[in-house]
Amino acid sequence: MKPELIKEKVAPVLFMAGVTFVAITLVGLVDIVTKPAVERNKTLFQKQAVCDAAGVERPGSTEALIAWYDAHVTALTNSEGTVSYRVAEPEGESTLVLVQQGPGLWGSITAYVGFNGEAMTIAGVTFQDHVETPGLGARIDESWFRNQFVGKSGPFARLGPEPQDKTKGTRDPDAFDQITGATITSTAVKDIMNKSIQQARSLTASR
Amino acid sequence: MPGKVKNQFLASIGKDNPVFAQVLGICSTLAVTNVLENTVVMCLGVIFTLACSNLTVSLLRKHIPGSIRMMVETLIIAAYVIIVDIVIQATLPGISRQLGPYVGLIITNCIIMGRAEAYALNNEPLPSLVDGIAAGIGYSYVLLIIAFFRELLGSATIWGYPIPGFSSWWVNWSIMVMAPGAFFALAILIWVIKTYFVRDEEGGK
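Per-chain numbering applies: the sequence of each chain, read as written, is numbered from 1 onward. To label them, take the chains in the order written and letter them from A, then take the ligands in the order written and number them from 1. pLDDT decides what is reported in this predicted model: residues at 70 or higher carry local features, side-chain atom pairs at 80 or more are listed and counted, and totals for whole chains, interfaces and linings draw on all residues regardless. Calculated side-chain values reflect all of the structure's heavy atoms, with hydrogen atoms and water omitted.

**What to know about the confidence of the model for chain A**
Applied cut-off: pLDDT is a per-residue confidence score from the predictor, ranging from 0 to 100. Only DSSP runs of H or I reaching four residues or more are called helices, and only runs of E reaching two or more are called strands; each is numbered from the N terminus.
Confidence along chain A averages 83 in pLDDT terms, with 93% of residues attaining 70 or more. Across chain A, element-level confidence peaks in helix α1 (residues 3–53) of chain A with a mean pLDDT of 90 and bottoms out in strand β6 (residues 158–160) of chain A with 76.

Okay, structure coming up:
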């Protein structure tokens, strides 16, 4: 093989392969080292979501949260593989937490919606996974937005305007206040909530 | 040499600033500056990537074949960005969820490629490292100024906290949290800086 050919064709390929190998090894090592922490964060988020959706005050420390979860929560899987959670309350009542997905503006939104025992009123809502616009659609994470569902039983037909004073939102049982500038996200939340309500009702009816 | 490095450092922060003078890296300027907290994490990620990629490219500069130099640079940048992404996922999970795909998009930030091409390929490792950090700081403070005003006017908060005596009566400007608000904020900032702080060296105007 001619020396120029080696210099022009073979050397660049070998160099690229070498750099790729080093880069992949480095990324792989960091991934292996941080994997336990990433996994732990994922399960912690899921436990927090169940806790928030059940309307239970979140325990202060991570250990307390895990202890509360282990003592009160049972994960249920139905024949279609959908996971839901039953959270036992001290008074003997239990809260059903459903995991529901729906399309948002940029990607899917995963919501955890809790329903109180027999009355089937909403105990809490939390949005576990979404990629909505920060400052707009992502404001579905704000407590005033999530808390306005508590005590209502839906289904929701109307969206009210975002209140200036967050304590004075709509009290109508079939409405909730949306986020200004995030109509698509707010409508997506309405659909997700209605789907969860329907699912919860059919689950209790079949029991 | 230290004098040259110092000048390079000051130039990146001042008259050659990557954002307001060279108008590079604008996509992330638009995307992540509506909330201050996200912006800080993004800036740290960019500074780290710029510093490391400049240093690595400079160390390899005598060995990188000219025909594939951009591929090699992109690969080096991508490796560092993925490391940043994984580390944020492990240590700051809440912010990682908010930033979503934007951290990965640091790979396409033109400032990083620009500094590797324009500086690191032709200079010693230490000045290249300093240049990377300087360009990162230059990028960061512009973003932080924009984020401060966008969060203040768009959400009436700073770092997620309401401001006493302001948040209660302020009507949020929704446009400030959307992409057009970033364009307005950036344009006004460039205007102010070019008028009052950076003397126009092109002359004649």
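**A look at the interface of chain B and chain A**
To be explicit about the condition: Whether two residues are in contact is decided by their heavy atoms, any of which lying within 4.5 Å being enough. Buried area adds together the accessible area that both of two parts lose upon being put together, with accessible area traced by a 1.4 Å probe. Salt bridges are identified by distance alone: a Lys or Arg side-chain nitrogen within 4 Å of an Asp or Glu carboxyl oxygen. Polar contact is the term for a pair of N or O atoms within 3.5 Å; when the atoms are in protein, one must be able to donate a hydrogen and the other to accept it, and sequence-neighboring residues count only if both atoms are side-chain atoms. When residue character is reported, Ala, Val, Leu, Ile, Met, Phe, Trp, Tyr, Cys and Pro are called nonpolar, Asp, Glu, Lys and Arg charged, and the others, Gly included, polar.
Residue-level contacts link 27 residues of chain B with 25 residues of chain A. Carbon and sulfur atoms make up 74% of the area that chain B and chain A hide from each other, which totals about 2,300 Å². In terms of surface lost to chain A, no three residues of chain B exceed Leu75, Ile86 and Arg97 of chain B, which account for 25% of the buried area on that side. Scanning the region where chain B abuts chain A turns up 0 salt bridges. Summed over the shared surface of chain B and chain A, the number is 2 residue pairs in polar contact (both at pLDDT 80 or more). Within the residue set of the side of chain B that touches chain A, elements represented by two or more residues are α4 (69–91), α5 (93–99) and α8 (174–177) of chain B. Counting residues per element, the side of chain B that touches chain A draws most heavily on α4 of chain B, which supplies 11 residues. Among the residues forming the side of chain B that touches chain A, the class breakdown is 18 nonpolar, 8 polar and 1 charged.

**Notes on the pairing of strand β4 (residues 108–116) of chain A**
Residue and element names in this part refer to chain A. Just so we agree on the cut-off: Only protein chains enter the accessibility calculation, which uses a 1.4 Å probe; a residue whose area is less than 20% of its type maximum is buried, one above 50% is exposed, and one in between is partly exposed. Note: two strands are recorded as paired if DSSP finds a minimum of 2 bridges between them.
With respect to burial, β4 is a largely interior element, 7 of its 9 residues being buried. In this antiparallel pair of consecutive strands, strand β3 (residues 94–103) and β4, the connection spans 4 residues. Bridge count between β4 and strand β5 (residues 122–129): 6 bridges; the pairing is antiparallel. Across the sheet, residue Ala111 finds its bridge partner in β5, namely Phe127.

**Digging into the packing of aromatic side chains**
Residue and element names in this part refer to chain A. Our working definition: In this scheme Phe, Tyr and Trp rings, the latter by its six-membered ring, pair at centre separations within 6.5 Å, and the angle between planes marks the pair as stacked below 30 degrees, edge-to-face above 60, and tilted otherwise.
The full count for this structure, using the stated rule, is 14 aromatic pairs over all chains. Taking the centre distance of 6.4 Å and the plane angle of 40° together, the rings of Phe127 and Phe145 count as tilted. On the criterion of sequence distance, the pair formed by Phe127 in strand β5 and Phe145 in helix α3 (residues 143–147) is long-range, its members being 18 residues apart. Both residues of the pair, Phe127 and Phe145, count as buried. Taken together, the ring pairs in this structure connect Phe127, Trp144, Phe145, Phe149, Phe156 and Phe176 into an aromatic cluster.

**A short note on the pattern of salt bridges**
Tallying each qualifying case throughout the model produces 5 salt bridges over all chains. Between Glu142 of chain A and Arg139 of chain A there is a salt bridge; the shortest N-O distance is 3.1 Å. With a relative accessible area of 12%, Arg139 of chain A lands in the buried category. Between Asp16 of chain B and Lys15 of chain B there is a salt bridge, and its shortest N-O distance comes to 3.8 Å. In this structure Asp16 of chain B comes out as partly exposed when scored by relative accessible area, which is 34%.

**Considering the sheet that holds β5 of chain A**
Residues and elements named next belong to chain A. Our working rule: Only the stretch in contact is used when fitting a helix axis, every axis being a line fitted to C-alpha atoms; angles between N-to-C directions are given from 0 to 180 degrees.
If you walk across this open sheet you meet the 5 strands as β1-β2-β3-β4-β5, and the pairing is antiparallel. A strand with exactly one partner marks an edge of an open sheet, and here the two such strands are β1 (73–77) and β5. Looking at each pair of strands side by side, their axes are set apart by 25° on average, direction ignored. Sheet topology places strand β2 (residues 83–88) next to β3; 5 bridges connect them, and they run antiparallel. Within β3, the position partnered with Ser84 by the bridge is Leu98.

**Quick look at the packing of α1 of chain A against α4 of chain B**
The cut-off we apply is this: For classification purposes, an angle smaller than 35 degrees is called roughly parallel, one larger than 145 roughly antiparallel, one from 65 to 115 roughly perpendicular, and anything else oblique.
Following both chains from N to C, one finds α1 of chain A and α4 of chain B inclined at 10°, their axes separated by 8 Å at the closest point. Taken together, α1 of chain A and α4 of chain B sit at an angle that is classed as roughly parallel.

**Quick notes on helix α9 (residues 179–196) of chain B**
All names here are of chain B. Definition in use: Under the convention used throughout, the expected extent of a helix is 1.5 Å for every residue step, that is, one less than its residue count. Working definition: the arc comes from the directions between the helix axis and the C-beta atoms, pointing outward to the latter.
For α9, built from 18 residues, the straight-helix expectation of 26 Å at 1.5 Å per residue is met to within 8% by its first-to-last C-alpha distance of 26 Å. Within the sequence span of α9, burial applies to Gly181, Ala182, Ala185, Leu186, Leu189, Ile190 and Ile193. Across the axial projection of α9, the buried residues extend over an arc of 160°, all falling on one side. Away from its buried face, by an angle of more than 90 degrees, α9 presents the exposed residues Phe184 and Trp191. Tucked inside the fold, the buried residues of α9 contact α2 (26–31), α7 (125–155) and α8.

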